[in-house]
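Below are the chains, spelled out letter by letter.
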Amino acid sequence: MDTQNTDTPNKGTPNKGESPLPPERVEWWRKRVTHFPEARAVLLPLLHDLQDHVGCLTREALRWAADFVGITPTEVYGVATFYWMYEYEPRARRQIAVCHNISCDLRGKDQVLEAIRDELGLAPGQRKTDDGEWSLRTVECMGSCTTAPMMAINGEYFENLDPAKTRAILEEIRSGKHELPASPETFAPHPEVVTTYEHEEAKA
Ligand code: FES
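Residues numbered from 1 in each chain as written. Predicted model: local features only at pLDDT ≥ 70, side-chain atom pairs only at ≥ 80, totals over all residues.

Moving on to the overall build of the protein. On a plain count of helices and strands, the protein comes out with eight helices and four strands. Ordering the α and β elements of the protein from the N terminus gives α-α-α-α-β-α-α-β-β-β-α-α. Each of the 204 residues in the protein was classed as buried or not, and the buried ones make up 25%. In the protein, of all internal contacts separated by at least 6 residues, the share reaching a separation of at least 24 is 68%. (Helix = DSSP H or I, 4+ residues; strand = E, 2+ residues; numbered from the N terminus. Buried ≥ 20, exposed ≤ 12 C-beta atoms within 10 Å, placed from the backbone. Contact = placed C-beta atoms within 7 Å.)

Below, the structure is given as structure tokens:
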């Protein structure tokens, strides 16, 4: 069964600008993009890949992604800013995401946030510590409502929080007693990932 699309106007060939991705990665995406009816279908994982390589979604990276999938930079920006996983300035080494949805809200997320800000010396509204080590943001439900309030740091969940427990967790991380996952949210597909389409091709 031929699952490759041959009608997509843009086959994943940027028409301007130097690629922020290594050439072999661009090649990987060029191959993947032909499996979808429209090139824009790969936009979200492509943005994750760019973010992982560049460190954040720079203007150049957004423009390059727009060229690659054949839509405007404004459209790319509109899609990217809908999701909280994308960053537009260099990411902190330790990224805290506190859920602010209903269960966590009712069970004390404000006190958790206050404890974090106090521990890290963050002013209200300040998203990153001056040394760039920690960042803090509030996010939508992370699916752990029964253990609210909760936060994730570099993707690792910490649940049933209260201010004292929150402070203790931060202290353990700072002192090296607790090791976080090295890489923050990384959703970009690995080059070895075999897609459903490739399975279908192999069976055909
Ligand atoms: S409401 Fe906070 S994890 Fe669901």
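From this point, things continue past the structure.
Mapped onto the fold, Ala148 is located in the loop between strand E2 (134–139) and strand E3 (151–153). Along the backbone, Ala148 and Asn101 are 47 residues apart, and their C-alpha atoms lie at a distance of 9.6 Å.

Another point: the sheet that holds strand E1 (residues 94–99). Spatially, E2-E1-E3-E4 is the arrangement adopted by the four strands of the open sheet, whose pairing is mixed. On the outer flanks of this sheet lie E2 and strand E4 (156–158), each paired with one strand and no other. On average, each strand axis in the sheet is tilted by 25° relative to the strand beside it, whichever way the strands run. The pairing of E1 with E3 spans three bridges and is classified as antiparallel. When the bridges of E3 are listed, Ala97 appears paired with Ala152. (Pairing = 2+ DSSP bridges. Axes fitted to C-alpha atoms, helices over the stretch in contact; angles between N-to-C directions.)

The next subject is the confidence of the model for the protein. Looking at the protein as a whole, its pLDDT mean stands at 84, while 80% of the residues score no less than 70. Confidence over residues 1–9 falls short of pLDDT 50; this stretch has 15 contacts with residues more than four positions distant or in other chains. (pLDDT = per-residue confidence, 0-100.)

Before going further, it helps to examine the pairing of E1. Here E1 pairs with E2 via six bridges, running parallel. Counted as the bridge partner of Arg94 is Trp134 from E2.

All right, on to helix H2 (residues 43–54) then. Along an α-helix, a turn takes 3.6 residues, which lines up residues three or four apart on a common side. Across its twelve residues, H2 extends 16 Å between first and last C-alpha, which sits within 8% of the 16 Å expected from 1.5 Å per residue. Those residues of H2 that sit buried are Leu46, Leu47, Asp49, Leu50 and Gln51. (Expected span 1.5 Å × (residues − 1).)

Counting 20 residues, the largest nonpolar core has Ile96, Val98, Val112, Ile116, Met150, Met151 and Phe158 as the members making the most contacts within it. For this core, the elements supplying multiple residues, two or more each, are E1, helix H6 (109–120), E2, E3 and helix H7 (163–174). With five residues, H6 is the largest single contributor of residues to this core. Beyond its immediate stretch of four places on either side in the chain, Val98 contacts Lys109, Val112, Leu113, Thr138 and Met151. One finds Leu46, Leu57, Val69 and Val76 within the second-largest nonpolar core, a separate group that totals 19 residues. (Core = buried A, V, L, I, M, F, W, Y, C linked by C-beta atoms within 7 Å.)

What follows covers the packing of helix H3 (residues 59–69) against helix H4 (residues 73–80). Look at H3 against H4: their axes get within 8 Å of each other, and the N-to-C directions meet at 110°. Viewed along their axes, H3 and H4 adopt a mutual orientation that is roughly perpendicular. In terms of crossing hand, the pair formed by H3 and H4 is right-handed. Residues Leu62, Arg63, Ala65 and Ala66 of H3 touch H4, and the partners they reach there are Pro73, Val76, Tyr77 and Ala80. When the residues that make up the contact of H3 with H4 are grouped by side-chain class, the tally is seven nonpolar, no polar and one charged. (Parallel < 35°, antiparallel > 145°, perpendicular 65-115°, else oblique. Left-handed = near helix turned anticlockwise from the far one by under 90°. Nonpolar A, V, L, I, M, F, W, Y, C, P; charged D, E, K, R; others polar.)

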